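Remarks on the overall topology
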There are 2 protein chains.
Amino acid sequence: MRVEVVNTGTELLLGKVVNTHAGYFGQEMFKLGLRIQRQTTIPDGGEIRVVLQECFPRTDVILITGGLGPTSDDITREVVAEMLGLELILDESILATINEMFRSRGYTPSKSNDRQAMVPEGAVVLENPNGTAPGLYVPANSEVDSPHLFLLPGPPRELKPMFEALVFPKLAEMVGTDTAPESRNFRIYGVGESTLASKLEPLLQPIADLELGYCARLGEVDLRLIGTSAAIEAASTIVRSEYAEDIVVESEEAMEEVIQRLLAGKGATVSTAESCTGGYIASSITNASGSSQVFHQGFVTYANEAKRDILGVPEETLEDFGAVSNETVIAMAEGCLRVSGADHAIAVSGIAGPTGGSDEKPVGTVHVAIASKGQETFAKRYFNPVDRLSFKMRVTRLSLDLLRRRLLGFPLD
Amino acid sequence: MRVEVVNTGTELLLGKVVNTHAGYFGQEMFKLGLRIQRQTTIPDGGEIRVVLQECFPRTDVILITGGLGPTSDDITREVVAEMLGLELILDESILATINEMFRSRGYTPSKSNDRQAMVPEGAVVLENPNGTAPGLYVPANSEVDSPHLFLLPGPPRELKPMFEALVFPKLAEMVGTDTAPESRNFRIYGVGESTLASKLEPLLQPIADLELGYCARLGEVDLRLIGTSAAIEAASTIVRSEYAEDIVVESEEAMEEVIQRLLAGKGATVSTAESCTGGYIASSITNASGSSQVFHQGFVTYANEAKRDILGVPEETLEDFGAVSNETVIAMAEGCLRVSGADHAIAVSGIAGPTGGSDEKPVGTVHVAIASKGQETFAKRYFNPVDRLSFKMRVTRLSLDLLRRRLLGFPLD
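Residues numbered from 1 in each chain as written. Chains lettered and ligands numbered in written order. Predicted model: local features only at pLDDT ≥ 70, side-chain atom pairs only at ≥ 80, totals over all residues. Heavy atoms only, no water.

1. Description of the pattern of salt bridges
Taken as a whole and assessed by the stated rule, the structure comprises 56 salt bridges over all chains. Across the salt bridge formed by Arg2(A) and Glu4(A), the nearest N and O atoms sit 3.1 Å from each other. Owing to a relative accessible area of 18%, Arg2(A) belongs among the buried residues under this scheme. Residue classification places Glu4(A) among the buried positions, given a relative accessible area of 0%. Between Arg405(B) and Asp246(B) there is a salt bridge, with the nearest N and O atoms lying 3.0 Å from each other. Of this pair, Arg405(B) sits in helix 14 (residues 388-408) while Asp246(B) sits in the loop between helix 8 (229-242) and strand 12 (247-249), and the two are 159 residues apart along the sequence. This pair shows no difference in class: Arg405(B) is buried, exactly as Asp246(B) is. Put simply, Arg187(B), Arg217(B), Glu220(B), Asp222(B), Arg224(B), Glu252(B) and Arg397(B) are held in one network by salt bridges that share partners. (Salt bridge = Lys/Arg side-chain N within 4 Å of Asp/Glu carboxyl O. Buried < 20%, exposed > 50% of the residue type's maximum accessible area, 1.4 Å probe, protein only. Helix = DSSP H or I, 4+ residues; strand = E, 2+ residues; numbered from the N terminus.)

2. A few points about empty space enclosed by the protein
On inspection of all chains with the given rule, the structure shows three cavities of 30 Å³ or more. Empty space within the largest cavity amounts to approximately 60 Å³. In terms of lining, the largest cavity is formed by Leu12(A), Leu13(A), Val17(A), Val18(A), Asn19(A), Thr41(A), Asn19(B), Ala22(B), Gly23(B) and Gln39(B). At the level of elements, helix 1 (10-14) of chain A together with helix 2 (21-31) of chain B are the ones that each hand at least two residues to the lining of the largest cavity. Residues of the lining of the largest cavity, tallied by class, amount to five nonpolar, five polar and no charged. By volume, the second largest cavity amounts to about 40 Å³. Among the residues forming the lining of the second largest cavity, the class breakdown is four nonpolar, four polar and three charged. (1 Å grid on protein atoms, 1.4 Å probe; cavity = no way out; pocket = protein on both sides within 12 Å on 5 of 7 lines; lining within 4 Å. Points joined across faces, edges and corners; volume = space filled by probe spheres on them. Nonpolar A, V, L, I, M, F, W, Y, C, P; charged D, E, K, R; others polar.)

3. Some thoughts on the pairing of strand 1 (residues 3-8) of chain B
All names here are of chain B. Counting buried positions along strand 1 yields six of six residues, so the element is predominantly enclosed. Because side chains alternate across strand 1, one face comprises the buried residues Val 3, Val 5 and Asn 7, and the other comprises Glu 4, Val 6 and Thr 8, equally buried. Taken together, the five bridges between strand 1 and strand 3 (residues 61-65) define a ladder with parallel strand orientation. Along strand 3, the bridge assignment pairs Val 3 with Val 61. Relative to strand 2 (residues 36-42), strand 1 runs parallel, the two sharing six bridges. Within strand 2, the position partnered with Glu 4 by the bridge is Arg 38. (Pairing = 2+ DSSP bridges.)

4. Overview of the sheet that holds strand 1 of chain B
Read across the sheet, 12 strands follow the order 6(A)-7(A)-8(A)-3(A)-1(A)-2(A)-2(B)-1(B)-3(B)-8(B)-7(B)-6(B) without closing on themselves; strand pairing throughout is mixed. The two strands at the open ends of the sheet, each matched to only one other strand, are strand 6 (124-126) of chain A together with strand 6 (124-126) of chain B. Neighbour-to-neighbour, the strand axes of the sheet open up by a mean angle of 15°, direction not taken into account. In the sheet, strand 6 of chain B pairs with strand 7 (residues 135-138) of chain B via three bridges, with the strands oriented antiparallel. (Axes fitted to C-alpha atoms, helices over the stretch in contact; angles between N-to-C directions.)

5. Thoughts on the nonpolar core
Of all hydrophobic cores here, the largest spans 38 residues; its most connected members are Leu311(A) and Leu311(B). Of all the secondary-structure elements, those providing two or more residues to this core are helix 11 (304-311), helix 13 (326-340), strand 15 (344-350) and strand 16 (365-372) of chain A together with helix 11 (304-311), helix 13 (326-340), strand 15 (344-350) and strand 16 (365-372) of chain B. In this structure, Leu311(B) is in contact with Ala273(B), Phe299(B), Thr301(B), Ala306(B), Ala331(B), Met332(B), Gly335(B), Cys336(B) and Arg338(B), ignoring residues within four places of it in sequence. Membership of the second largest hydrophobic core comes to 35 residues, among which are Val249(B), Met255(B), Leu262(B) and Ala268(B). (Core = buried A, V, L, I, M, F, W, Y, C linked by side-chain atoms within 4.5 Å. Contact = heavy atoms within 4.5 Å.)

6. Describing the layout of surface pockets
Empty space within the second largest pocket amounts to approximately 580 Å³. Lining the second largest pocket are 23 residues, with Arg105(A), Tyr107(A), Gly190(B), Tyr382(B) and Leu398(B) sitting closest to its centre. Going through the elements one at a time, strand 17 (378-383) and helix 14 of chain B are the ones with two or more residues in the lining of the second largest pocket. Looking at the lining of the second largest pocket element by element, the count peaks at five residues for helix 14 of chain B.

7. Some thoughts on the confidence of the model for chain A
Here chain A averages 92 in pLDDT, while 99% of its residues score no lower than 70. Among the prediction metrics, the complex's ipTM stands at 0.77, with pTM recorded as 0.77. (pLDDT = per-residue confidence, 0-100.)

8. Some thoughts on the packing of helix 7 (residues 193-204) of chain A against helix 8 (residues 229-242) of chain A
Residue and element names in this part refer to chain A. It is the contact of helix 7 with helix 8, at a shortest axis distance of 10 Å, that shows an interaxial angle of 145°. In the crossing of helix 7 with helix 8, the sense of the turn from one axis to the other is right-handed. Contact residues: helix 7 offers Lys 199, Leu 200, Leu 203 and Leu 204, while helix 8 offers Ala 235, Ile 238, Val 239 and Glu 242. Of the residues assigned to the contact of helix 7 with helix 8, the class counts are six nonpolar, no polar and two charged. (Left-handed = near helix turned anticlockwise from the far one by under 90°.)

9. Digging into the packing of aromatic side chains
Residues and elements named next belong to chain A. Counted under the stated rule, the structure contains 11 aromatic pairs over all chains. For the pair Phe 25 and Phe 163, a centre-to-centre distance of 5.3 Å together with 55° between the ring planes defines the contact as tilted. Of this pair, Phe 25 sits in helix 2 (residues 21-31) while Phe 163 sits in helix 6 (residues 156-175), and the two are 138 residues apart along the sequence. Under the relative-accessibility criterion, Phe 163 is labelled buried at 0%. (Phe/Tyr/Trp six-rings, centres within 6.5 Å; stacked < 30°, edge-to-face > 60°.)

10. Structural notes on the domain arrangement of chain A
Residue and element names in this part refer to chain A. Annotation of chain A at the domain level lists domain 1 (3-175), domain 2 (182-249) and domain 3 (255-408). Residue-level contacts link 10 residues of domain 2 with 11 residues of domain 3. Taken over both partners, the interface formed by domain 2 and domain 3 buries close to 950 Å², and the fraction arising from carbon and sulfur atoms is 52%. Three residues, Tyr 189, Leu 218 and Val 248, lead the burial of domain 2 against domain 3; their summed loss comes to 63% of the area buried on that side. On the surface where domain 2 and domain 3 come into contact, there are two salt bridges. Linking domain 2 with domain 3 are seven residue pairs in polar contact (both at pLDDT 80 or more). (Domains from an automatic or database assignment. Buried area = accessible area lost by both parts, 1.4 Å probe. Polar contact = N/O pair within 3.5 Å; in protein donor to acceptor, adjacent residues only side chain to side chain.)

11. With respect to the packing of helix 2 of chain B against helix 6 (residues 156-175) of chain B
Residue and element names in this part refer to chain B. Packing of helix 2 against helix 6 brings their axes to within 12 Å, and their N-to-C directions diverge by 25°. Taken together, helix 2 and helix 6 sit at an angle that is classed as roughly parallel. Considering the relative orientation of helix 2 and helix 6, their crossing is right-handed. Of the residues in helix 6, those touching helix 2 at His 21, Tyr 24, Phe 25, Glu 28, Met 29 and Lys 31 are Pro 156, Leu 159, Lys 160, Phe 163, Glu 164, Phe 168 and Leu 171. (Parallel < 35°, antiparallel > 145°, perpendicular 65-115°, else oblique.)

Have a look at this one:
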């Protein structure tokens, strides 16, 4: 089954927005045993007609993103209907949903949104709980030699939930269940992708019918085993024995969900005392639904005075060792434990950059402490010389992984 | 001059690597007054021949990335030579450079690298100080109807320096200097994309040589005006008069940078008291480099006890009105102002979902308060029924925009 992707959006070609759809679809297709044969990006406007005419005869499925919005250069829906000779019919229930969405946010629905409620006859409406324009599935039509068409919204936060809930299952159905290989994901923290590969590949080589996939980000690597059930089991045993304490989870569960599950299992809570991450750790913890059970409060103590007044970090500690030191983060974490009454506390202080570094403490330096009731406080210096936002994300992931190790009774160093 | 981009690389279609070339080229072309008309990604191997055959008749310049490496599926060089009927000639000086590079890194040069030293006759070698394979410029050839071809390496750290030093100047020469259009971006908060379009397009229609682009996200819309300097000025006057108070900035500056600039200009500070956003507002403010000047501390008061103990929200307020109410966010904001000593405070409390909603306060409900020294505290209920993460992002953007309006003396409601 040949699959192509067509992304519409002038902003993608102007370089205003990075095209993440192509990669996302590639990963999803892989799960189905499919490959994307070609990906094309075109501007908004008439070019969609030209590209679809080229794609129709050579492909079985086309995933189209963008061009479903209310403005005059969004014409994917109209072009597809015209090419297939399908009438566009106003779907009153979509229109009602769109209008309701506008009203509930205090806006007056605009007439130009009506177009978003038009559906080519015979098309399946793909609901969009995260935006106004629904997606559309237009089945293959042998009379006009058209392949299966999926018309999907451009914004990733609308596209991805729709794809997962409605498109992936439809494609899985087309592919059939027995051709899709099994797969298992290992989320591993603190081991580089190339280190992982050079250690594991010789060990896994003898296993037949096994394919490996890697995806690295923010200090975490996803190792995906793909193959027969027996191959995956054999490989899993090896991965587990090599990386026992580094495996965050054997699934796609996010770090903050793992943390929440571990804390909830112990009836425990965590609090945060953040300097350089500026609230990102607390925000990550609270990204998991139900986090109020394990997280009651957190502190962003950006200024030295805040570290002193809110967390009780002694003035001498700040003066003698500086805000970016083991001594300060230990005092922050223990103060946070005391003030919050939580069972565990994470404290971080570092230099996110791009300015503020010195020879002794260059940009990227960070100290992290984990304090827990009745246990010795852990603290260590780390170095992440990356851009400011990546620094915040990496330090957050690192801190949560240290808490994970503490909750599992693993050594932190 | 029509420009297309062809990216080769199976890893791009598998989603192992995000394709950043397309965006990079887009930004560079824009500086030259050029647009990328189409971008195509194909796997390694024979597909390059098919795509080039399609592109040749319709375009003037093709930027090709990848396929210049030493492995058997890297065949761009050979395909181009064959299509244009050019002989491949071994360039001894390239070969010497490649071999030297291997030796200096302690590797033995492999015979397979010889292919990287082959140059189609008449092609211009583009030096690659950051890798083995040089790039190639093959001028347009009217006999075989081929456009200008740039064969460039795939890895960004090899591609970008080569593009800047050798490709950009060549393209600039082809284009000539005075054709580049100007552009201006308006970042507008709180007006839907469709409302904006239906109001502005009739007003801007009479202006010749003007193109409009929209990009919407999280309650914000970027409106891009592209055209002659006179057209942009005329259009800007209209946009400013229609949306005076909604224009966050006439540039690409991020909301948090605008906030920081406005606060710093007054020598003022802000603090945060967050419930449902869980630290995301503080984290957004501190994403801007230099934020320590205007942000000293923030509080994540997720539990009612934290709202009471840290911010002094009266127990009766929480009991009588609930945590998600104007009364509570006003008490949170004013408590935050008092505890932090900041000049302004943002407080939010709401229901991020997916659970925790009720008929009276469904998921998506949020109350936001802005308190400022010596001014009446503003509070209002909003509704953002989107997924949990989008909710946090939207409420953050909304809160920062309210602070922007307060700092500029605009009405908040």
